[in-house]
Amino acid sequence: MSERSKPVVVITRKLPEPVEARMAELFDVRTNGDDRPMSHADLVSAVREADVLVPTITDRISRTIIEKAGERLKLIANFGNGIDNIDISAAHERGIHVTNTPTVLNEDTADMTMALILAVPRRLVEGASLLQSSETWAGWSPTWMLGRRIWGKKLGIIGMGRIGTAVARRAKAFGLEIHYHNRRRVDPATEKQLGATYWESLDQMLARADIVSVNCPSTPATFHLLSARRLALIQPHAFVVNTARGEVIDEAALVQMIEENRLAGAGLDVFETMPSANRKLMKLAASGRVVLLPHMGSATLEGRIDMGEKVIINIRTLIDGHRPPDRILPIRG
């Protein structure tokens, strides 16, 4: 780390005021007041001057950028749980530590997942939008705005990590039957508590689910995990919910299946083309077949402050000469 009394910390986006204020007390901080995403050139400049770079999940910290880093850069402290925006191997080769902010977003993301599980089958956004439109509501009718009951339905969770488990706890309270697919089976006590059924075969679970929730990380192995072939296994009355990463689903195939009534609908907080959503998805949202959110899964003030505290702990731990608690290492093939 630099011999300066305070390390130079470059933050790529505007963070909540309490987080930036605390960082300013501890470090020589360079903030992004206008909150505009940094360009490639901006990021190169940042890694050349910083002891610590604090990017967010929307900043692509590529090998090219890392190779242009100055000798003083010792830590990339990601403000986010995911680390697919950073070339971990390139950083490791340069002796640069990479950290993230795990666990603090679990409950917030699980809340949003549950909100979408409720919103899509029960047509909540569609109903709320109608009242705000120019149309006149004629009043209650026995056959108007009929959705689908979720009580007693089968929820298939893809990725039973911390967030997937938090989703399962909420879903069980709403009377959903919990099924899951994961790289490894969870411990027997958790399975018993949730009444969860493990499926080694993702294909077999998909064929039986009424609602599919994507809660796995984005890795090369999970890219288009829900491919056109796998989406075709899901029952026509079922819904797909994704609060993980857009790349996990073949979005074009998902759109086509909903358009052709081979899937009932979807609730998406993430897209393949973020920050924009493709026009076909927007059209489906306008017709009530899809609920779209602008990546709000972890967007609570409490969660963002907790993320900032994680970042600060990782920076201070490294400054003190110890290994940061949330260090990420490259995946060995």
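Counting of residues starts from 1 at the beginning of each chain's written sequence and follows it residue by residue. Only residues with pLDDT of at least 70 get local features here, since the model is predicted, and only at 80 or more are side-chain atom pairs given and counted; chain-wide, interface and lining totals rely on the full set of residues. Calculation of side-chain values draws on the structure's entire complement of heavy atoms; hydrogens and water are dropped beforehand.

Labelled according to an unreviewed UniProt entry, the protein appears under the name D-glycerate dehydrogenase, originating from Fulvimarina endophytica.

**Observations concerning the domain arrangement of the protein**
The line we're drawing: Throughout, the edges of the domains are those of an automatic or database domain assignment. Residue contacts are defined here by distance: any two heavy atoms, one from each residue, within 4.5 Å place the two residues in contact. The quantity reported as buried area is the accessible area (1.4 Å probe) lost by two parts once they are put together, taken as the sum for both.
On domain assignment, one finds that the protein holds domain 1 (8-100 + 301-328) and domain 2 (105-292). A straight line from the C-alpha centre of domain 1 to that of domain 2 covers 32 Å. In this assembly, six residues from domain 1 lie in contact with four residues from domain 2. Buried surface at the junction of domain 1 and domain 2, summed over both partners, amounts to about 440 Å²; 53% is from carbon and sulfur atoms. The three residues of domain 1 that bury the most area against domain 2 are Asn81, Asp84 and Gly303, which together make up 66% of that side's buried surface.

**Thoughts on the pairing of strand E1 (residues 8-11)**
To be explicit about the condition: Summary of the burial criterion: residues with accessible area below 20% of their type's maximum are buried, those above 50% are exposed, and those between are partly exposed, where the area comes from a 1.4 Å probe applied to protein chains only. Helix and strand assignments come from DSSP, with helices taken as H or I runs of at least 4 residues and strands as E runs of at least 2, each series counted from the N terminus. For two strands to pair, DSSP has to find at least two bridges joining them. Convention used here: a crossover is right-handed provided that the path from the first strand, over the helix, to the second strand proceeds clockwise when the strands point away from the viewer.
Side chains Val8 and Val10 project from E1 onto one buried face, and the interleaved Val9 and Ile11 project onto a second face that is buried too. With three bridges connecting them, E1 and strand E2 (residues 28-30) associate as parallel partners. Counterpart to valine 8 in the pairing with E2 is aspartate 28. What joins E1 to E2 is helix H1 (residues 17-26), and the crossover it makes is right-handed. Note that E1 and strand E3 (residues 52-54) share three bridges and pair parallel. Among the inter-strand pairings, valine 10 is bridged to a residue of E3, identified as leucine 53.

**Observations regarding helix H5 (residues 106-122)**
Think of an α-helix as turning once every 3.6 residues; residues three or four places apart then point the same way. Just so we agree on the cut-off: Given a helix with a known number of residues, its expected span is that number minus one, times 1.5 Å.
Its 17 residues give H5 an end-to-end C-alpha distance of 24 Å, which sits within 8% of 24 Å, the value for a rise of 1.5 Å per residue. Within H5, burial applies to Asn106, Asp108, Thr109, Ala110, Met112, Thr113, Met114, Leu116, Ile117, Ala119, Val120 and Pro121. Taken from the residues just after H5, arginine 123 is the one with a positive phi, measuring 60°.

**Focus: the sheet that holds strand E12 (residues 290-292)**
Spatially, E8-E7-E6-E9-E10-E11-E12 is the arrangement adopted by the seven strands of the open sheet, whose pairing is parallel. A single partner strand is all that each edge strand has here, and the edge strands are strand E8 (197-198) and E12. Pairing of strand E7 (residues 177-181) with E8, which is carried by two bridges, proceeds in the parallel orientation. Opposite tyrosine 180, over in E8, you have tyrosine 198 as the bridge partner.

**A short note on the pairing of E7**
Within E7, four of the five residues are buried, which leaves the element mostly enclosed by the surrounding structure. Bridge analysis of strand E6 (residues 154-158) against E7 gives five bridges, and the strand direction is parallel. Opposite leucine 155, over in E7, you have isoleucine 178 as the bridge partner. A crossover links E6 with its parallel partner E7, the connecting element being helix H7 (residues 162-173), and its sense is right-handed.

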